[in-house]
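Understanding the architecture of this molecule
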Amino acid sequence: MSSIDSTTTPSSADGSVPGGARLPPGIDRRGFLRSTAGGGVAIGLAALLPGCGREASAGAAAAGELRSLTGKEFEVARAAAEALLVGVPIDPSAIATRLDYELWAVGGAIEEDVRTVLQLLEHLTPLGGRLRRFTELNPTERLAYLETWRNSRFNLRRASFNAIKSFVYFFAYADPAMWAATGFPGTWPGRIPVGIPPIDFGEVV
C-alpha cells in the first residue's frame, strides 16, 4: 500500500445510501465541493475544461458501457487507482468501473463533485509542477502529484484528494481479491451452514 493515508469518520454503518449505492465512510451524498471554499469556482472551471462532455468517450471501449463517467474521466480514475494501489492485487480498471457504477447509482451532488475532481486532477498538473497531464504521468509521478493535493494549504485540494483516496481504498478493500491479503475469510453465509428446521403449521383449512 502507498504511504498516502488519512482518517475519515463513518457516516453510516455500511456505507449504503438511498438507491442502493455504496459510498466510502465520511463521504456525504450531498457532495463535498459546495461546502468547501472555492468549490463553486472549481465546478465552473471543470465545466470549461476539455473532455467534460458526454461525447468524450475515449477509452470507453476498454471500460465497457459507462453509466456516469466519460471515457476520459474513467481513465483518470483508473490512473489514480493505479498510483494509490501500488503493490495491491487489484485491477485499477475494476476500481474505475465500480466508481462509475456507484456514482451512477447515487447521482446528484456527489456524482457531479467526483467528476469535477477527476477533471481537475487531469488538467491542473502545472499547479503541481508537472507539464504533462495526469494520465500521461507514470504511477510514481502520479502519486507524487497526488501528494501535492493532500498537502496543499487549500481546503479544496485536500478535500478533493481525500474523496478520491476514500473511493479508491473503499472499493479496493471491498474486492474479494483483497480478502487473502487482509486475512478476511469471507462473508459468513458462505462459510457457516445455517440449518433452518422445517416448521409444521398444522393442517391448513
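Our subject in this report is the structure included herewith. (Residues numbered from 1 in each chain as written. Predicted model: local features only at pLDDT ≥ 70, side-chain atom pairs only at ≥ 80, totals over all residues. Heavy atoms only, no water.)

This part covers the overall build of the chain. Helix and strand content of the chain: eight helices and zero strands. When the elements of the chain are put in sequence order from the N terminus, they spell out α-α-α-α-α-α-α-α. For the chain, the residues scored as buried account for 44% of the 205 residues in total. Here the contacts in the chain between residues at least 6 apart in sequence split such that 63% fall between residues at least 24 apart. (Helix = DSSP H or I, 4+ residues; strand = E, 2+ residues; numbered from the N terminus. Buried < 20%, exposed > 50% of the residue type's maximum accessible area, 1.4 Å probe, protein only. Contact = heavy atoms within 4.5 Å.)

This next bit is on the pattern of salt bridges. Applying the stated criterion to the full structure yields seven salt bridges. Of the charged contacts, one joins arginine 142 and glutamate 82 as a salt bridge, the two residues approaching to 2.7 Å between their closest N and O atoms. One end of the pair, arginine 142, is in helix H6 (residues 139-150); the other, glutamate 82, is in helix H3 (residues 71-84), and 60 residues separate them in sequence. In this structure, glutamate 141 engages arginine 132 in a salt bridge whose closest nitrogen and oxygen atoms are separated by 2.8 Å. Under the relative-accessibility criterion, glutamate 141 is labelled partly exposed at 27%. One network of salt bridges, in which partners are shared, links Glu75, Arg78, Glu82 and Arg142. (Salt bridge = Lys/Arg side-chain N within 4 Å of Asp/Glu carboxyl O.)

This next bit is on the nonpolar core. Generally speaking, nonpolar side chains in soluble globular proteins are found buried as a group. By size, the foremost hydrophobic cluster in this structure holds 43 residues, and its most contacted members are Leu85, Leu99 and Phe167. For this core, the secondary structure elements donating two or more residues are H3, helix H4 (92-106), helix H5 (108-123), H6 and helix H7 (155-174). Ignoring sequence-local partners within four residues, the contact set of phenylalanine 167 consists of Leu23, Pro24, Ile27, Leu99, Leu103, Ile110 and Val114. (Core = buried A, V, L, I, M, F, W, Y, C linked by side-chain atoms within 4.5 Å.)

Further remarks concern the packing of aromatic side chains. By the definition in use, this model includes five aromatic pairs. When the ring of tyrosine 101 is compared with that of tryptophan 104, the centres are 5.5 Å apart and the planes differ by 50°; the resulting orientation is tilted. Taken together, the residues span about one helical turn, with tyrosine 101 and tryptophan 104 both in helix H4 at a distance of three residues. Note on phenylalanine 167 and phenylalanine 171: the rings are 5.8 Å apart at their centroids and 45° apart in plane angle, and the pair reads as tilted. Of this pair, phenylalanine 167 and phenylalanine 171 are both found in helix H7, four residues apart, which corresponds to roughly one turn of the helix. Take phenylalanine 167 and phenylalanine 171: they sit in the same class, and that class is buried. (Phe/Tyr/Trp six-rings, centres within 6.5 Å; stacked < 30°, edge-to-face > 60°.)

With that settled, consider the environment of proline 139. Here proline 139 is to be found in helix H6. In this structure, the C-alpha to C-alpha distance between proline 139 and alanine 80, residues 59 residues apart in sequence, is 8.2 Å. With near-sequence residues (within four places) excluded, proline 139 lies in contact with Glu82 and Ala83.

In this section: the packing of H3 against H6. Interhelical geometry of H3 versus H6 gives an angle of 90° and a closest axis separation of 8 Å. Here H3 is positioned roughly perpendicular relative to H6, judged by the angle of their axes. Facing H3, whose interface residues are Ala79, Glu82, Ala83 and Leu84, H6 presents Pro139, Arg142, Leu143 and Leu146. Grouping the amino acids of the contact of H3 with H6 by side-chain chemistry returns six nonpolar, no polar and two charged. (Axes fitted to C-alpha atoms, helices over the stretch in contact; angles between N-to-C directions. Parallel < 35°, antiparallel > 145°, perpendicular 65-115°, else oblique. Nonpolar A, V, L, I, M, F, W, Y, C, P; charged D, E, K, R; others polar.)

This paragraph deals with H5. Taking 1.5 Å as the rise per residue, H5 with 16 residues should run 22 Å; its terminal C-alpha atoms sit 23 Å apart, in good agreement. Along H5, 14 of the 16 residues are buried, which leaves the element largely enclosed by surrounding structure. (Expected span 1.5 Å × (residues − 1).)

With twelve residues, H6 extends 16 Å from end C-alpha to end C-alpha; this agrees with the ideal 16 Å at 1.5 Å per step. For H6, the set of buried residues is Arg142, Leu143, Tyr145, Leu146 and Trp149. The arc that holds every buried residue of H6, seen down its axis, measures 165°, which confines them to one face. If you follow the buried residues of H6, they end up packed against H3, H5 and H7. Among the residues of H6, the N-terminal cap falls to asparagine 138, whose side-chain oxygen and the backbone nitrogen of threonine 140 are separated by 3.0 Å. (Arc of directions from axis to C-beta. Polar contact = N/O pair within 3.5 Å; in protein donor to acceptor, adjacent residues only side chain to side chain.)

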